[in-house]
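Overview (structure and organization)
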Amino acid sequence: MNQKTVERLEAMLKRSNLINEELTKPEIVNDVKKLTSLAKEQAQLEDTVALYLTYKNVLNNINEAKAILENEKDEELIELAKEEIKTSEIRKEQITAELKVMLLPKDSNDEKNVIFEIRGAAGGDEGNIFAGDLYRMYLRYAEQQKWKIEVIEENESEAGGFSTISFMVKGDRVYSKMKFESGAHRVQRIPKTESKGRVHTSTATVAVLPEIEEVDFEIKTVDLKIDTYRASGAGGQHVNTTDSAVRITHLPTGVVVTSQDGRSQHDNKALAMQHLRSKLYEEQQRKINEERGTLRKDAVRTGDRSEKIRTYNYPQNRVTDHRINLTLQKLDQIMEGNLDEIITALINEEQRLKMEGN
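As a convention, each chain's residues are numbered from 1 in the sequence order in which they are written. Under the rules for a predicted model, residues below a pLDDT of 70 receive no local features and side-chain atom pairs below 80 are neither given nor counted, while totals for whole chains, interfaces and linings still include all residues. The basis for every side-chain value is the complete set of non-hydrogen atoms in the structure, without hydrogens or water.

**Section: the overall build of the chain**
Secondary structure is summarised from DSSP: a helix means a run of H or I of at least four residues, a strand means a run of E of at least two, and numbering begins at the N terminus for each. Check the secondary structure of the chain and you find nine helices and 11 strands. Expressed as a percentage of its 358 residues, the buried residues of the chain come to 40%. Residue contacts are defined here by distance: any two heavy atoms, one from each residue, within 4.5 Å place the two residues in contact. Restricting to contacts in the chain with at least 6 residues of sequence separation, those with at least 24 account for 62%. Accessible surface, the chain as shown: approximately 20000 Å² in total, 48% of it carbon and sulfur. For every residue, the accessible area obtained with a 1.4 Å probe (protein chains only) is divided by the maximum for its type, and the residue is called buried under 20%, exposed over 50%, and partly exposed between those limits. In this description, accessible areas are obtained by the Shrake-Rupley approach with a 1.4 Å probe, and a residue is regarded as covered only by the protein chains that are shown.

In structure tokens, the structure reads:
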């Protein structure tokens, strides 16, 4: 490990120790905002600092074993010291590799909840049905991760599935895993309405937006047009009894969001505002990247809904992720929410690209 990396890790260790001291001070404990900020920073440092302390302990074991080799004459102790050095050197290399990954530039949104938008695209009814299948797949995965899903808006298709559905996923580091799902998902299968048994190709698009807090992105009230209306469809006893659904239009951009699945008008307005902040933030970041010329076109994801990222072939029970040339003959398992193998491969590819400087 080079000196620059060691200095960076030492600075993180020093900062972690300082935060621990700060968190015991009464003036910090009584300041909720400051306490929350420090606790969040400490959580971000915790794993890296713990592994660095393990690394230092391993180095200490190597040095102690080398001292035994230099000063000890007992053959049995010498053999034990040699074995300790051999084992510790292997462990040191493992930890060094892990720390390199931990020190890669972080996506500032990785810790955040996300808002999904799924739309049936090409293929008419079959595209909408597939949008429903994707929603169910993400729902199953969220259940496995013990995440919580909250539907914001759903427009059911008469043939099944959804023409559009948007929902929030809340939990631990949701965006870090789900950010790779943005793009066009293609399905190849025989529709139920196909009398001649021909395979059709349809698509649904997915957008994954990080949840943006009010303090992170300000929207002026004067720029909003807020309408309420009678909700329809699923949502409980309040549906069709009160004007609980909310539609918000951001006048400067024309972006429109709606929410009707909350328990009240207040809930729907809060969900719609969260959705709006995320959409406006995404558009702002896209423009900034374009102006800086830093939009990544070669990496794991671009966030472009028109980019075909994955094909689901039902006749062959096959899923292919085109960004990393990964093909799995496990479509039945993946549609039940078993996405970890694909997501882990995508994370590893992103880390590889970062380590190469891409």
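**A word on the pattern of salt bridges**
Between Lys or Arg on one side and Asp or Glu on the other, a salt bridge is scored when a side-chain nitrogen of the former is within 4 Å of a carboxyl oxygen of the latter. Evaluation of the coordinates by the stated rule reveals 20 salt bridges. Note that arginine 91 and glutamate 98 form a salt bridge whose closest N and O atoms lie 3.8 Å from each other. According to the relative accessible area criterion, arginine 91 is partly exposed, its value standing at 31%. Between glutamate 336 and arginine 136 there is a salt bridge; the shortest N-O distance is 3.1 Å. Here the residue glutamate 336 occupies a position in the loop between helix 8 (331–334) and helix 9 (340–355), and arginine 136 occupies one in helix 5 (residues 125–145), the gap between them amounting to 200 residues. Among the residues examined, arginine 136 registers a relative accessible area of 33% and is labelled partly exposed. Residues joined in a network through salt bridges with shared partners are Glu181, Arg310, Asp321 and Arg323.

**Overview of the side chain of asparagine 128**
As for its position among the elements, asparagine 128 is in helix 5. With sequence-adjacent residues up to four places away left out, asparagine 128 is seen in contact with Gly120, Ser157, Gly160, Gly161, Phe162 and Ser163.

**Focus on the nonpolar core**
Phe116, Ile118, Leu134, Tyr138, Phe167, Met178 and Tyr312 are the most contacted members of the largest nonpolar core, which totals 37 residues. Those elements that place two or more of their residues in this core are strand 1 (114–120), helix 5, strand 3 (162–170), helix 6 (174–178), strand 5 (200–210), strand 11 (326–328), helix 8 and helix 9. Top element by residues in this core is helix 5. It accounts for eight residues. Look past the residues within four positions of phenylalanine 167 in its chain and what remains in contact with it is Val114, Ile115, Phe116, Ile118, Tyr135, Tyr138, Ile149, Glu150, Val151 and Ile152. To form a nonpolar core, buried Ala, Val, Leu, Ile, Met, Phe, Trp, Tyr and Cys residues must be joined to one another through side-chain atoms within 4.5 Å. Met12, Ile28, Leu45 and Tyr52 belong to the second-largest nonpolar core, a separate cluster that totals 16 residues.

**Observations regarding a nonpolar patch on the surface**
Residues enter a patch when their relative accessible area is above 30% and they make no salt bridge; the linking distance is 9 Å between like charges and 5 Å between nonpolar side chains (Val, Leu, Ile, Met, Phe, Trp, Tyr). Side chains of Ile68, Leu77 and Leu80 sit close together on the surface and give an oily, nonpolar patch of about 250 Å² of accessible area. Here isoleucine 68 is to be found in helix 3 (residues 32–71).

**A look at the packing of aromatic side chains**
Two rings from Phe, Tyr or Trp (for Trp, the six-membered ring) form a pair when their centres are within 6.5 Å of each other. A pair whose planes differ by under 30 degrees is stacked, one over 60 is edge-to-face, and the rest are tilted. Applying the stated criterion across every chain yields a total of seven aromatic pairs. Ring plane angle 5° and centroid distance 5.0 Å describe the contact between phenylalanine 116 and phenylalanine 167, whose orientation is recorded as stacked. Of this pair, phenylalanine 116 sits in strand 1 while phenylalanine 167 sits in strand 3, and the two are 51 residues apart along the sequence. On the basis of relative accessibility, which here comes to 0%, the residue phenylalanine 116 falls in the buried class. Note on phenylalanine 167: relative accessible area 0%, which makes it buried. With a centroid separation of 5.2 Å and 70° between ring planes, the pair formed by phenylalanine 130 and tyrosine 312 is classed as edge-to-face. Here phenylalanine 130 is found in helix 5, whereas its partner tyrosine 312 is found in strand 9 (residues 308–313), with 182 residues between them in sequence. Classification of tyrosine 312 as buried rests on a relative accessible area of 0%. One aromatic cluster in this structure is built from Phe116, Tyr135, Tyr138, Phe162 and Phe167. The ring centre of tyrosine 314 lies 4.8 Å from the NZ or CZ of arginine 189, which sits over that ring. In this scheme, the term charge over a ring applies when either NZ of a lysine or CZ of an arginine sits within 6 Å of the ring centre and within 35 degrees of the ring normal.

**Notes on the sheet that holds strand 10 (residues 318–321)**
When DSSP finds two or more bridges between a pair of strands, those strands are recorded as paired. A sheet is described by the order of its strands in space; here eight strands give the open sequence 2-3-1-5-4-9-10-11, paired in mixed fashion. Looking at strand neighbours, the two that pair on one side only are strand 2 (148–156) and strand 11, the edges of this open sheet. Taking the axes of each pair of neighbouring strands and ignoring which way they run, one obtains an average angle of 15° across the sheet. Bridging between strand 2 and strand 3 involves eight bridges; their strand directions are antiparallel. Bridged to asparagine 155 within strand 3 is threonine 164. Whenever a helix is involved, its axis is fitted only over the stretch in contact; in every case the axis is a line through C-alpha atoms, and angles between N-to-C directions fall within 0 to 180 degrees. Packed on one face of the sheet, helix 9 meets strand 9, strand 10 and strand 11 and runs near 170° to strand 11.

**Regarding the pairing of strand 9**
One face of the sheet, then the other: side chains in a regular strand alternate in exactly this way. In terms of residue burial, strand 9 counts as a mostly covered element, since five of its six residues are buried. Alignment of strand 4 (residues 183–189) against strand 9, held across five bridges, turns out to be parallel. Its bridge partner being in strand 9, histidine 185 is matched across the sheet by arginine 310. Bridge analysis of strand 9 against strand 10 gives four bridges, and the strand direction is antiparallel.

**Observations regarding the sheet that holds strand 8 (residues 255–259)**
Taking strand neighbours across the sheet as the criterion, the three strands line up as 6-7-8 in an open arrangement whose pairing is antiparallel. Every other strand in the sheet has two partners, leaving strand 6 (224–229) and strand 8 as the edge strands with one partner each. On average, each strand axis in the sheet is inclined to that of its neighbour by 15°, with strand direction left out of account. In this sheet, strand 7 (residues 245–250) lies alongside strand 6 in antiparallel orientation, the contact comprising six bridges. Pairing of leucine 224 across the sheet is with histidine 250, part of strand 7.

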